[in-house]
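Understanding the architecture of this molecule
Residues per chain, in single letters:
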Amino acid sequence: MSSLNVKRLIVWLVSFALGFVVTYLIVVVGFPILKPEAAGMTLEEYGFGYFIVTYVPIGLIFVTWIDAFMDTKILPD
């Protein structure tokens with residue numbers, strides 16, 4: 001496996017790990033701050049489908065930025 005492919009794999013793994021963490025924090029910490037009635041919100045209450053629909057775009061945002069910084073050329077210039 002070439003070094004570029006290894007860098008691309010790292011970009012995808014790190015991006016979606018960060019996307020998961022950010023989405024989790026938004027649901028569990030952010031929602032109760034914005035709406036006090038949502039105190040104690042869990043991922044189960046939020047829903048698996050909604051979590052995926054939130055998680056994937058946030059992960060792709062991280063892919064865009066990390067790709068730019070690591071110059072892996074996943075996205076065309």
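Our structure's up above, just so we're on the same page.
From a predicted model like this one, the values you see are computed outputs, not experimental measurements.

**A look at the side chain of Thr 72**
- By the element assignment, Thr 72 lies in the segment after helix H3 (48-70).
- Setting aside residues up to four positions removed in sequence, Thr 72 forms contacts with Leu 4, Lys 7, Arg 8, Val 11 and Asp 67.

**Section: the side chain of Ser 15**
- Inspection of the secondary structure assignment puts Ser 15 in helix H1 (residues 3-34).
- Classification of Ser 15 by relative accessible area gives buried; the value is 0%.
- Excluding anything up to four places from it in sequence, Ser 15 contacts Gly 59, Phe 62, Val 63 and Ile 66.

**A look at the nonpolar core**
- Val 11, Phe 16, Val 27, Ala 38, Met 41, Tyr 46, Phe 51, Tyr 55, Val 63 and Ile 66 form the largest nonpolar core, which has ten residues in total.
- If you list the elements that add at least two residues to this core, you get H1 and H3.
- Examining the composition of this core, we find that four residues originate from one element, H3, more than from any other.
- Those residues in contact with Tyr 55, other than ones at most four positions away along the chain, are Phe 16, Gly 19, Phe 20 and Thr 23.

Calculation criteria
Residues numbered from 1 in each chain as written. Predicted model: local features only at pLDDT ≥ 70, side-chain atom pairs only at ≥ 80, totals over all residues. Heavy atoms only, no water. Helix = DSSP H or I, 4+ residues; strand = E, 2+ residues; numbered from the N terminus. Contact = heavy atoms within 4.5 Å. Buried < 20%, exposed > 50% of the residue type's maximum accessible area, 1.4 Å probe, protein only. Core = buried A, V, L, I, M, F, W, Y, C linked by side-chain atoms within 4.5 Å.

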